[in-house]
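Geometric and topological summary
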Amino acid sequence: MHVSMKGITKRFGSFVANEAIDLEVAEGEVLALLGENGAGKSTLVKILYGFQSPDEGTIEIDGKPVAFESPRDSMAAGIGMVFQQFSLIPALSVRENLQLAFPALPLVPSRRGAADTALLANLRRLAPELDPSALVADIPVGQMQLVELAKVLNLDSRLVILDEPTSVLTPIETRALHERVRTLAAEGRSVVLITHKFEDVASCADRVAVLRQGKKVEDRPAAGLSATELSSLMVGGAKVSAASRVPLPTRNVPWLEVRGLRAGDAFSSVTGIDLVVAPGEILGVAGVSGNGQDVLGACLAGVREVEAGEVILDGVAVHRGVGGVPDPQQVGYIPERPSVNGVAPELDLSVNLALKGLHTLPFWMGARRPSAREALPMLEEHDVRPRDPSRKARDLSGGNLQKLVAARELSGGRKLVVACYPTMGLDLAATQAVYARLFEHARNGASVVWISEELDDLLRFAHRIAVLFHGKVLGVVEAAEADRNELGRWMMGARS
Amino acid sequence: MNILLRKRRELSERFRWFEGTLSVAAPALVFLLASSAFFALLGRDPLALIGQILNGAFGSTYGIVETLVKTIPILLCALATAVPARLGLLSVGASGQFYAGAWLGTGMVLVVGGSHLAMPAMFLAACAGGAIWALVPGFLRAQWEVNETLATLLLNYVASLLVDWAVYGPWRDTSNLGWPATISFPESVRLPVLVPGSRLHAGLLLAILLAVGLHILLSRSRWGLELRVLRSNRKLGEGVGMSWKAGAAATMAIGGAVAGLAGILETSCIHGRLQSGIALNYGLTGFLVAWMSGQHMLRIVPISLVMGALLSSGDALQLFAQLPEATAVVLQAILFCSVLATGGLLRRWRSP
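In this text the structure is predicted, and so the values were computed from the model without any measurement.

Okay, the overall build of chain A next. Along chain A, the regular secondary structure elements total 16 helices and 20 strands. The C-alpha radius of gyration of chain A comes to 24 Å, within 12% of the 23 Å expected for a compact globule of 496 residues. Taken along its principal axes, the extent of the C-alpha atoms in chain A is 70 × 55 × 50 Å. Per-residue burial over chain A gives 45% buried out of 496 residues. Looking at chain A alone, contacts between residues at least 24 apart form 68% of all its contacts between residues at least 6 apart.

Residue and element names in this part refer to chain A. Burial of strand 16 (residues 331-334) is two-sided: the residues V331 and Y333 facing one way and the residues G332 and I334 facing the other way are all buried. In this structure, strand 16 lies alongside strand 17 (residues 416-420), joined through four bridges in parallel fashion. Bridge assignment links V331 to a residue of strand 17, and that residue is L416.

So, about helix 3 (residues 46-58) of chain B. All names here are of chain B. For helix 3, with 13 residues, the first-to-last C-alpha span of 18 Å sits near the 18 Å given by 1.5 Å per residue. Within helix 3, the full set of buried residues consists of L49, Q52, I53, G56 and A57. One side of helix 3 carries all its buried residues, which in axial view fall inside an arc of 120°. The exposed residues of helix 3 that point more than 90 degrees off its buried face are L47, A48 and G51.

As a further point, take the confidence of the model for chain B. Residues and elements named next belong to chain B. For chain B, per-residue confidence averages 88 on the pLDDT scale, and 94% of positions sit at 70 or higher. Taken together, the stretch residues 1-12 has pLDDT below 50 and engages in five contacts with residues farther than four places along the chain or on a different chain. Both confidence scores are given for the complex: pTM 0.77, ipTM 0.81.

Here is what the cut-offs are and how they apply
Residues numbered from 1 in each chain as written. Chains lettered and ligands numbered in written order. Predicted model: local features only at pLDDT ≥ 70, side-chain atom pairs only at ≥ 80, totals over all residues. Helix = DSSP H or I, 4+ residues; strand = E, 2+ residues; numbered from the N terminus. Rg over C-alpha atoms; globule rule 2.2 N^0.38 Å. Buried ≥ 20, exposed ≤ 12 C-beta atoms within 10 Å, placed from the backbone. Contact = placed C-beta atoms within 7 Å. Pairing = 2+ DSSP bridges. Expected span 1.5 Å × (residues − 1). Arc of directions from axis to C-beta. pLDDT = per-residue confidence, 0-100.

Structure (structure tokens):
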């Protein structure tokens, strides 16, 4: 299938999301679509997928113009999309999830016979080892993605759009996905791969299109493109100053000590975690998400009750349990999905920014109630928009809420900073800004525990890296001596 | 995008007075139209009937007094619902707490009788009774996540039966010739009357003072702010050292105490004795008022007055217009729907 988009323009009010973009995908071709957050990638593919209609421009499939009113139309024309947020139902089995999306499913679907074979054919090809009866909740993220892909292929898609598919995968899963993408292309399907990783481009793209501020700034064969060329294409002339590394701490004494930590529930847990972090040290915690990271972070921050073990900061037990509630002001904590877990949506920005010190206010707050006076400088410093402290947090976009939480948790002196995926979903410039603030705390002598899936960033900025697997620390290495592939194997639970 | 946002703010500031008027006028207009349609359906002249309602509720001293008498328990039950709602707890237990307060308060009167400390002791016991009745579901919710709506609902029946048991059984005044009620309360435990010769008692002032006091507490104190944080995001609030469980216990207890106060006021100042069925529909009406006001302690006062007027004019409608008693309930429902529906539409219109 040969798809060509011509002169696509899409405006939202005065904002131009796409400006006269031409894009072609040939049969059997893998096109990598690159760009920063807000460059217009998602708008463009939403138009291709029929979610939105362009203000100007046309889409042609095999030379014939088409007009998509909704994804139903585009699916009928053979276009499928795998979203970043999966649309699988965790409480159902893999087979049931596929059945839900299968065209012309009988009223009482059988679990065997020709119909079932047809249903599972694509899945068997993509993930032969996956048991179709397993609950989706129980399978790793990489496999979930393949189930999503099988769902799309079951609709006989000739063009598959993958939205940042590798952002949630381990290195090994990533490599497997790259192979699958090549297979799809070899079968004559077209693939549009949205990404901002050079790795994805290098290992499976035929051609690269780069968007910047709504315009297509580059369209060329992928072969021979270097990583530096690519990132300068994405950010344009704008210079993104990378966060600088923090020198190794000189006082190698235990500041944060975790002993035999056990906590969690049926969905996520840690069992028997022991860690020691020095003042000024950045400990990176790597691992596939869902291996207990959220529980570990919440326990270190004193937000979640521990079942056993202790967390000691500067000689004082700070874990939450029978003993009491730790002082929220000595720990900065960016929870995972901060836009959901880190804000009170019905309250205004002043209160949201003042939360950590609320307990120090007198019962009758009087003039000391949280006000715009303290909030405004924080909003400015962290570039939170709109800069209006009286707005309710729920009026802000996800990215701005993330900056809001960072502003609250990373402002002021902290003894410990715990950050869970602090840059997930942020673009290059915002990511470096968060890194700079996060690492500044290490420079000032705090321990920093930084949970992330960005192995490259961990290797670059962390002093040591611990790998979490099934709620246990599988190993800890000095970042300077760590081997990327070795860490990747640890993340899959393999340690020799 | 920025420019757009700024524009909308200026617009809303200039028209704030307009919006404020609209948020009162629009539901009132919808209510008038809908109730007119209802009267027309009954084959009556809407204008004449609405005139009769207004006349019944506010047209005479007797009408005004009866309206205010009914406003007191509605206002208190609405406060009792609204305080736990500040934490997101959906209590429908005002009538049960009303009975529990009436029961324990009466018990205190029966014990201490005519002592000069009888009145404070009675009020204290009534508040304690209501608070205990509310703390049970509050504790169940805090400790084991038992749904507080169901628990408060079911405890309503228990409390009502408890009062029945008392007045049919051990506390029955045998000189009443089988009438299931306690002995008459001594004059010393009755609050002074506001309008001489009527049954409008000083509980009205107490209720309004409570509304104002609760409003100040919830809007000015750190505790009130903490409740809002906990309601908005429980985990986040607990993470910075607030206690949701303590909040649940405190709001339920305060609400229960207020409803218990309503119970003993009704018992001592209106009926003069404890008897069966004194809560009428006050608990439910108070619940409706609380939600119509958006859990705003001050807004509850005028809305309670409107509800009180509707209830007291129900008698007038029955008497003079020969309409069934249920008419007043239907009008209540129409008011409830008008307020909530227009409120929702206005909010959508404000933030598209």
